[in-house]
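A look at the structure
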Amino acid sequence: MDRHSNYYNELPTLYLIPTPIGNMEDITIRALSILKKVDILFAEDTRVSIKLLNYYNVQIPLKSYHEHNKATQTDVILSLLKEGKTVGLVSDAGMPLMSDPGFEIVQASIEAGFNVVSLPGPNAALTGLAMSGIKPHPFTFYGFLNPRSSKRQKELELLKTRTETLLFYEAPHRIKDTLYDLYKVFGDRKACIAREISKKFEEMIRGTLSELKDLEELPGEMVIIVSGYDSALEVTEEVAIVSRVEALIEEGLSKNEAFKKVASERGLAKSVIYKEYHENHLD
Ligand code: SAM
């Protein structure tokens, strides 16, 4: 066990400093004062962070700390802390470490006995969750799913019966595929996309996975919030197929078109959907 009082000692400190996720004003007064106080700031991308520093007229030495140099930079940061320097870490946006670099240097600094102080601040997942209208807790913050669909579906299979709300990050070029996989593996559930939080085109898209997967243009940054598994709502695969076919027919598709669409949505042969429909639907 290691009990560590962060403020009542003379030890050097590594500060984790959250930065805005869109709106430049989303930075705390304390974050700005710590940014001015650190001897050196490590940033995921110095070109991004320099804009923030210039905006707030903060002049401090800036170095990079990212996925590809974290092993060598961890040693550099530890040496600086050993010299008694105060070090800051920022990512491009939001809370460092949350789907961003920083975990290794936090672990190493704790192990070496230094203070590790995280300032409270902006985070896309929690901000999106709060305004989603989906039960806020318990929740699991999953971050990014695997970029490959087959691996992503396997990850989702493991999450399928989790009853807590699930939070995902996704890049714009993968959002459609990921929404499709979420629907394919989880079936229909309440879900929400929190898009471009704190920016000019902030948008909340609240609905169900079957609706969200059909959305066309989804540019910008997004958090996906999906409600947890509810056994009370569980429907058998056969019933789900029948009701999906019926819903499409009601929307104006012919039976044949509906079979074809449901088959492609589920990655099944049309003949399977035809058979399930005729065996299970009530006249
Ligand atoms: N560390 C950040 C945080 O605390 O939220 C997250 C960094 S992660 C590399 C970037 C992902 O966060 C994006 O792909 C998106 O899923 C989400 N994200 C970041 N900014 C966002 C915003 N303004 N609106 C919605 N999602 C955002």
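Residues numbered from 1 in each chain as written. Predicted model: local features only at pLDDT ≥ 70, side-chain atom pairs only at ≥ 80, totals over all residues. Heavy atoms only, no water.

1. So, helix α6 (residues 149-159)
Selection rule: Relative accessible area decides the class of each residue, using a 1.4 Å probe on protein chains only: under 20% of the type maximum gives buried, over 50% gives exposed, and in between gives partly exposed. Here a strand is any run of E in DSSP of at least two residues, a helix any run of H or I of at least four, and the numbering for each starts at the N terminus. Arc definition: directions from the helix axis to the C-beta atoms. Throughout, a residue-residue contact means that at least one pair of heavy atoms, one from each residue, lies within 4.5 Å.
Buried within α6 we find R152, E155, L156 and L159. On an axial view of α6, the arc spanned by its buried residues comes to 100 degrees, and they lie on one face. Structural note: α6 exposes K154 and L158 on the side pointing more than 90 degrees away from its buried face. In this structure, the buried side of α6 is in contact with β6 (139-144), β7 (165-170) and α7 (175-186).

2. Overview of the site of the ligand
Counted only if it meets this: Think of it this way: one heavy atom of a residue within 4 Å of a molecule or strand is enough to make that residue near it. Here a polar contact is recorded for every N or O atom pair within 3.5 Å, except that within protein the pair must consist of a potential hydrogen donor and a potential acceptor, and residues adjacent in sequence are included only if both atoms are side-chain atoms. Here, Shrake-Rupley sampling with a 1.4 Å probe gives the accessible areas, and only protein chains in the shown set may cover a residue. Amino acids are sorted into nonpolar (Ala, Val, Leu, Ile, Met, Phe, Trp, Tyr, Cys and Pro), charged (Asp, Glu, Lys and Arg) and polar (every other residue, Gly among them). Domain boundaries shown here were taken from an automatic or database domain assignment.
Neighbouring the ligand are 19 residues; D100, N123, A124, Y169 and M222 lie closest to it. A distance of 2.7 Å is found between a nitrogen atom of the ligand and a side-chain nitrogen or oxygen belonging to D100. Contact between the ligand and I197: a nitrogen atom at 2.9 Å from a main-chain N or O atom of the residue. When isolated, the ligand has an accessible area of 570 Å², and the protein chains bury 91% of it. Within the residue set of the shell around the ligand, elements represented by two or more residues are β7 and β10 (222-226). Looking at the shell around the ligand, its residues break down into 11 nonpolar, 3 polar and 5 charged. Shared between two domains, the shell around the ligand holds at least three residues of each, these being domain 1 (13-118) and domain 2 (124-231).

3. Overview of the domain arrangement of the chain
Partitioning the chain into structural domains gives domain 1 (13-118), domain 2 (124-231) and domain 3 (237-280). Computed over C-alpha atoms only, the centres of domain 1 and domain 3 are separated by 53 Å.

4. Section: the packing of helix α9 (residues 237-250) against helix α10 (residues 255-266)
Operational definition: Between the N-to-C directions of two axes lies an angle of 0 to 180 degrees, each axis being a line fitted to C-alpha atoms and, for a helix, fitted only over the stretch in contact. Comment on the angle field: the value is read as roughly parallel under 35 degrees, roughly antiparallel over 145, roughly perpendicular from 65 to 115, and oblique elsewhere. It is the rotation of the near helix from the far one that decides the hand of a crossing: anticlockwise by less than a right angle makes it left-handed, clockwise makes it right-handed.
Close contact between α9 and α10 brings their axes to 9 Å; oriented N to C, the two are set at 130 degrees. Here α10 runs oblique to α9, going by the angle between their axes. Judged by the twist between their axes, the crossing of α9 over α10 is right-handed. In contact with E237, A240, I241, R244, V245, L248 and I249 of α9, α10 contributes K255, A258, F259, K261, V262, E265 and R266.

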